[in-house]
Amino acid sequence: MLRNDEFLYRLRTANPIDAVMGNYLHLIRRGRNFVCNCPFHSEKTPSCTVFTDTQSFYCFGCGAGGDVITFIMKIENLDFSEAVKLLAQRSGIEIPQYSSADSRYAQRKTRIYEMNRLSANFFYSNLIKGNDKKGLQYFAERGLTPQTIKKYGLGYASDSWDSLCSYLKSKGYSEEEIIDAWLGGRSKKSGKMYDMFRNRVMFPIVDMRGNIIGFGGRVLDNSQPKYLNTSQTPVFDKGSNLFSMNFAKNSDTKRIILCEGYMDVIAVNQAGFDNVVATLGTAITPNQARLISHYAQEVVIAYDSDGAGQKATQKAINHFADVGLRTRIIRMEGAKDPDEFIKKFGSVRFRMLLDSSFDANDYMLDKCEDGLDLNTEMGRVELLKRASKVLAGIESPLEREVYISRTSKKCDIPVSVLKAHIDSMLNKSDRFEKKQEWRNIKSKTTYINDNINPQAQKFKKEARAEENIIYYLMKRPEEAEKISSQAPADIFITPFNKKVYEAVLGRIKESGVFTVSMLADSFSPDEMGRIIGIEARNREFDISPQVFDDCVSVLRNCSADKSSDGNDKDISNQELLDIFKAKSKK
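Here the structure is a predicted model, which means the values were calculated and not measured. (Residues numbered from 1 in each chain as written. Predicted model: local features only at pLDDT ≥ 70, side-chain atom pairs only at ≥ 80, totals over all residues. Heavy atoms only, no water.)

## Let's talk about the overall build of the chain
Our working definition: Helix numbers and strand numbers start at the N terminus; a helix is a DSSP run of H or I with at least 4 residues, a strand a run of E with at least 2. Buried, partly exposed and exposed residues are distinguished by accessible area as a fraction of the type maximum, computed with a 1.4 Å probe on protein chains only: under 20%, between the cut-offs, and over 50%, respectively. The contact rule is simple, with two residues in contact once any of their heavy atoms fall within 4.5 Å. In short, Shrake-Rupley with a 1.4 Å probe defines the accessible areas, and a residue's cover is counted only from the protein chains shown.
Assigned secondary structure in the chain consists of 24 helices and 16 strands. Buried residues in the chain amount to 49% of all 586 residues. Put simply, of all contacts in the chain between residues at least 6 apart along the chain, 65% involve residues at least 24 apart. Roughly 28200 Å² of accessible area belongs to the chain as shown, and the carbon and sulfur atoms make up 49% of that amount.

Below is the structure:
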């Protein structure tokens, strides 16, 4: 999208970052700013700051940052143009009619959305009107009504080798586009195209905005894999989306039911529960847990009762605890999954099962007893070891006290002894977490494993000097001509910082002013995080003209061979300023 500074300024003004982020997160006021738990990594202590003066956010834990557009891009998994459209709709601002300067990727995504929509219609038509009735027979045997089949847009991919590919090509899509959408592939031997999905019932996967982003397909025989999901594409990431979340997000209840598979979700939804979702063929990820936390306060896990389902349950509990969601577990007797339970006992019994579900803490503590003989001292000691880990992980002090009391009675030891042991574990854990958080913050400011500006690992001191020059320019746009003459871009050592510096100079030359938001359409969300970090980390330092001059000297004196072995001693911002101050005194 071509930059239109006036429009983007109005868009950001109409969408204050604290108001927009407040729709997704619990913001806590700290002076004129806000803090919150970062939505882009799991943490218990807020490390994300929302700066109201610059209308930006920055996480000192993981390095995520940007303006309101960047936030929407990351939280909704959108590109720049899509995020702008969403914010424009939110604020009722009309988007100017102008072409896209960076349209290739946007057009690529648009073409995939179109192909997915056509493919979904193709599969649905095969299911309803096709001569092969195997797919329709399968859904009928599973008890699905015509209304449910239509609601979910279910379909059937025939056993034909290339029927979908031929159909899409007839609609004007190239073979490369079909492969890009993961709807077809090309044989290495013959070079001919083939359909990715064949002889499968099809489940379209829909995102939060109603776009079909991918498919899941289940075989109708004993071939493998049983389920096949769309692989990574420009519009689909299975670790960041949930099946049926497009329906569940509109539920009146603040509870989400998490099932294991497509058919479980559809059966539960058909039974009258629209607040049900499933992961896409994998165990739940932290991103999916955070997505659920935006729409619910409680999760009921309804995984299969087999061994794999129980293991997945324990992993899910940990992810939900990390994002502050209350978790409950249902125990199904007489059925292996929700679909079978509803068929046998009906929707009323299933609702009773949900309402009587076990608290996750009860579930985890009960699991601690597996395989132990509590009539022996060794059994009780082992139970205490297992249970202590669970107890120490309970966030609420009141709940923890209740479970400590219950466990102490079961193991026949004084409550005070177990409580003292748990308190000791918590103190050690708290100290460890604080040290770990500091390490994470430090790793972001010392360029360890830096994928955005990899040269900064080799030229640590120079990269720090470059950041100070960039910040100095950001705060003094009226001096841009003087600054650029003293510090021309060609003295910069690291490519990323040079690109940022040139971009800032360019924006100032065009507009005469500068805000970091002006860069949002030219840099990726991760790169914007780094740029916001330059500003956020330098807020406490006063970069004077003398320090600026010293930074320029550092870059001018640097040669390509210097530090090429990458063994320069790491240097902090404060240490760099101290060196500059010492030099100026001399």
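Now, onward.
## Details of the confidence of the model for the chain
We apply this condition: pLDDT is a residue-level measure of predictor confidence that goes from 0 to 100.
On average, the chain scores 85 in pLDDT, and the residues at 70 or more come to 89%. Predicted confidence for residues 444-448 stays below pLDDT 50, and this span has 16 contacts to residues more than four positions away or in other chains. Every residue in residues 563-570 scores below 50 in pLDDT, and together they form 14 contacts with partners more than four places removed in sequence or on other chains.

## Section: the nonpolar core
Note the threshold: Residues enter a nonpolar core if they are buried and are Ala, Val, Leu, Ile, Met, Phe, Trp, Tyr or Cys, with the set joined through side-chain atoms within 4.5 Å.
Core analysis: the largest hydrophobic core is formed by 71 residues, its most contacted members being Met 21, Ile 69, Phe 71 and Tyr 501. Judged by nonpolar contacts, the second largest core, of 59 residues, contains Tyr 152, Phe 236, Leu 280 and Ile 330.

## Description of the sheet that holds strand 11 (residues 227-229)
Rules: In short, DSSP must find at least two bridges between two strands for them to pair. Lines fitted to C-alpha atoms define the axes here, with helix axes fitted over just the stretch in contact, and angles between the N-to-C directions of these axes take values from 0 to 180 degrees.
With antiparallel pairing, four strands are arranged side by side in an open sheet as 6-9-10-11. Of all the strands in the sheet, the pair left with one neighbour each is strand 6 (155-157) and strand 11. Between one strand and the next, the sheet's axes are offset by a mean angle of 30°, whatever the strand orientation. The sheet contact formed by strand 9 (residues 200-206) and strand 10 (residues 212-219) spans seven bridges and is antiparallel. Opposite Met 202, over in strand 10, you have Gly 217 as the bridge partner. Strands in contact with helix 6 (residues 134-141) are strand 6, strand 9 and strand 10; relative to strand 9, the strand with the most contacts, it is inclined by about 75°. On the sheet, helix 11 (residues 262-270) packs against strand 9, strand 10 and strand 11 and is oriented at approximately 70° with respect to strand 9.

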